[in-house]
Amino acid sequence: MKMRALILIVDDDQPHRSMLRTVLRGWGYAVEEADDGTTAVSLVREHAFDAVLTDVRMAHMDGMTTLRQIRAWNPAIPVLIMTAWSSVESAVEALRLGAYDYLTKPLDFDVLRLSLERALDHTRLATENQELRRRLTQQDSPIIGHSQAIRELVEMVETVAPTEATVLISGESGTGKELVARAIQSASLRRDKPFVTINCAALAENLLESELFGHEKGAFTGADRRREGRFVQADRGTLFLDEIGEMPLSLQAKLLRVLQQGEVQRVGSDEPLTVDVRVLVATNRVLAEEVAAGRFREDLFYRLNVIGLEVPPLRARQEDIPLLAAAFLERHAAANRKALKGFTPQAMDALLRYSWPGNVRELENAVERAVILTTSDYVTERVLPLTVQNAPPALQRGLSSLGSMSLEDVEKRAIEATLRETDANKSEAARRLGITRATLHSKLKKYGLEG
């Protein structure tokens, strides 16, 4: 049976507290109550609440002090502040102290419900991520994620790994192409044999040739001894050629010969050496375009592209960000001998807002930086890179030119834009908009967008 989210209502106004209890229970939440901040802080220490909804003006302990003490105990609990005394200064102060949201009385129940749903997404994600991480530790695949794009990629990896097929792995820089190559190798029949890697963009042409195929003593200046190349080192195993699109044309011909005949020649030698190597390659270029431009051999492209795998950018798998961030947090906390418990809701919001042009690599770097700078149990948004902290919400980025349109027109445009971006996938559109699917259906009907 699915557990209901548990909300703590903190308010010394008994009629208002009773009204909120009735409303929240009507929405399907479990509710506990406290009539002052002191009682609320004690309850938070005793029970695992999913969110706290607290008034500001109360006897014994006010809402701001309650917020401070709850966040000192566990900053991962979303705290929503309510007040009948709205002011810009108090709102800013509440948000500065880490409140998840600031709501003005009399409450707009639509706003309250949306804010609660967004806040509870964080606690749900935390629970889901624990389970997903447990499941991932039981799998051989190092690829982290549960989005549809990643599930399809893992399925392809599992299908092609046991074969001997050459695989072309494409995707933007930082998406994890080498990780995919290692996943293929670890699930293949060559898993116990060498896995050798080389970056084709990192070496000059003559050095790359020597690294790949080896050289004889005296083959060129500085060659004071014979050297085995990466193909020989990978014999009976797997060779991963990263940034294959950067390989000079002259070496492409020699690589094609190895793939077709299974033979290599050291630089300075006429003697062919037989090798048994499975080749995996990766590129952030579109090789078909490189072929058309004359920078890549067409015959080699077809030889490499027996199986093509596309690694999606992080912006196309946003739902994987919490799980990836949690995995990186665990890894770098252990490396830096820190016992961190997770991210605050505000920090996770910032991670989800940012577009991550550097993909998974940039996300890991941001989390590593945050781990190093964090001095408490939870990573806050203040230790994230400024580019991440200052990222505008996705809808704001897309609606910056709406000028003086009415709020309803802005909302309608936002829904239309999100449906276009998600190919009319209503579940995904609702997730991106931060509302439930039922709320989205209601708004579609309101704006005449059903169909």
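The structure presented is a predicted model; accordingly, all values stated were derived computationally and were not measured.

Draft legend 1. Expanded view of the side chain of Asp55. As for its position among the elements, Asp55 is in strand E3 (residues 51-55). The exposure class of Asp55 is buried, given its relative accessible area of 7%. Only 3.3 Å separates the side chain of Asp55 from the side chain of Lys105, close enough to count as a polar contact. Aside from chain neighbours lying at most four places away, what touches Asp55 is Val10, Asp11, Asp12, Gly63, Met82, Thr83 and Lys105.

Draft legend 2. Structural view of helix H13 (residues 321-335). Over its 15 residues, H13 runs 21 Å from end to end, which matches the ideal 21 Å to within 8%, given 1.5 Å per residue. Most of H13 is tucked away, with 11 of its 15 residues classed as buried. Among the residues of H13, Ile321, Pro322, Leu323, Leu324, Ala325, Ala326, Ala327, Phe328, Leu329, His332 and Ala333 are the ones counted as buried. Note on H13: the residue one or two positions beyond its end, Arg337, has a positive phi of about 55 degrees.

Draft legend 3. Seen up close, the pattern of salt bridges. Evaluation of the coordinates by the stated rule reveals 21 salt bridges. In this structure, Asp55 and Lys105 form a salt bridge, with 3.3 Å as the shortest nitrogen-oxygen distance. Here the residue Asp55 occupies a position in strand E3, and Lys105 occupies one in the loop between strand E5 (101-104) and helix H5 (109-137), the gap between them amounting to 50 residues. Across the pair, exposure class does not vary: Asp55 and Lys105 are buried alike. The partner of Arg227 in a salt bridge is Glu211, and the shortest N-O contact between them spans 3.0 Å.

Draft legend 4. Inspection of the confidence of the model for the protein chain at higher detail. In the predicted model, the protein chain carries a mean pLDDT of 84, and 87% of its residues have values of at least 70. Counting interchain partners and residues more than four positions distant, the pLDDT-below-50 stretch residues 135-140 has four contacts. A low-confidence stretch, residues 394-405 stays under pLDDT 50, and its non-local contacts, those more than four residues away or across chains, total 13 contacts.

Draft legend 5. Seen up close, unusual backbone geometry. In this structure, the amide linkage connecting Lys105 to the following residue, Pro106, adopts the cis form with an omega of -5 degrees. Within the element layout of this structure, Pro106 appears in the loop between E5 and H5. Despite not being glycine, Glu243 has its phi angle at roughly 55 degrees, a positive value. Among the secondary structure elements, Glu243 is positioned in the loop between strand E10 (238-242) and helix H10 (249-261). One non-glycine residue, Trp356, lies in the positive phi region at around 50 degrees. Tracing the backbone through its elements, the reader meets Trp356 in the loop between helix H14 (345-353) and helix H15 (359-373). Take Trp356: its relative accessible area is 1%, and that puts it in the buried class.

Draft legend 6. Up close: the sheet that holds strand E7 (residues 195-199). Pairing in this open sheet of five strands is parallel, and the strands run E7-E10-E13-E6-E14 from one edge to the other. Unpaired on one side and paired on the other, E7 and strand E14 (307-310) mark the two borders of the sheet. For this sheet, the mean inter-axis angle between neighbouring strands, taken without regard to orientation, is 20 degrees. Helix H6 (residues 148-160) rests against strand E6 (167-170), strand E13 (278-283) and E14 of the sheet, and its axis sits at about 155 degrees to E14.

Draft legend 7. Region of the structure containing the packing of H13 against H15. As a packed pair, H13 and H15 sit with axes 9 Å apart at the nearest point and diverge in direction by 45 degrees. The angle between H13 and H15 falls in the class oblique. The element H13 and its partner H15 pack so that their crossing is right-handed. Across the interface between the two elements, Ile321, Leu324, Ala325, Phe328, Leu329, Arg331, His332 and Ala333 from H13 touch Val360, Leu363, Glu364, Val367, Glu368 and Val371 from H15. Of the residues contributing to the contact of H13 with H15, the split by class is 10 nonpolar, one polar and three charged.

Draft legend 8. Broad picture of the pairing of E3. A large share of E3 lies buried, amounting to five of its five residues. Burial along E3 is two-sided: the face carrying Ala51, Leu53 and Asp55 and the face carrying Val52 and Thr54 are both buried. Relative to E3, strand E1 (residues 6-10) runs parallel, the two sharing four bridges. Bridge pairing in E3 places Leu8 opposite Val52. By the bridge criterion, four bridges tie E3 to strand E4 (residues 79-83) in an arrangement that is parallel. Bridge pairing links Thr54 to Ile81 in E4.

So, how was this worked out
Chains are numbered independently. Their residues run from 1 in the order of the written sequence. Only residues with pLDDT of at least 70 are given local features in this predicted model, and only at 80 or more are side-chain atom pairs given and counted; all residues enter the totals for whole chains, interfaces and linings. As a convention, hydrogens and water are excluded, and side-chain values are obtained from all of the structure's heavy atoms. The way it works is that DSSP assigns letters per residue, a run of H or I at least four long becomes a helix, a run of E at least two long becomes a strand, and they are numbered from the N terminus. We call a residue buried when its accessible area falls under 20% of the maximum for its residue type, exposed when it is over 50%, and partly exposed in between, using a 1.4 Å probe and counting protein chains only. Pairing of N or O atoms within 3.5 Å defines a polar contact, subject to two protein rules: one partner must be a possible hydrogen donor and the other a possible acceptor, and residues neighboring in sequence count only if both atoms are side-chain atoms. What makes two residues a contact is simply this: any of their non-hydrogen atoms within 4.5 Å. An expected span of 1.5 Å times one less than the residue number is assigned to each helix. Here a salt bridge means any side-chain nitrogen of Lys or Arg lying within 4 Å of a carboxyl oxygen belonging to Asp or Glu. Along the chain, pLDDT gives the predictor's confidence residue by residue, from 0 to 100. Two strands are counted as paired when DSSP detects at least two bridges linking them. To obtain each axis, a line is fitted to C-alpha atoms, and for helices this fit is confined to the stretch in contact; angles are then taken between N-to-C directions over 0 to 180 degrees. Here is the rule for angles: anything less than 35 degrees is roughly parallel, anything more than 145 is roughly antiparallel, 65 through 115 is roughly perpendicular, and the remaining ranges are oblique. Left-handed describes a crossing whose near helix is turned anticlockwise from the far helix through less than a right angle; right-handed describes the clockwise counterpart. The classification used treats Ala, Val, Leu, Ile, Met, Phe, Trp, Tyr, Cys and Pro as nonpolar, Asp, Glu, Lys and Arg as charged, and all other residues, Gly among them, as polar.

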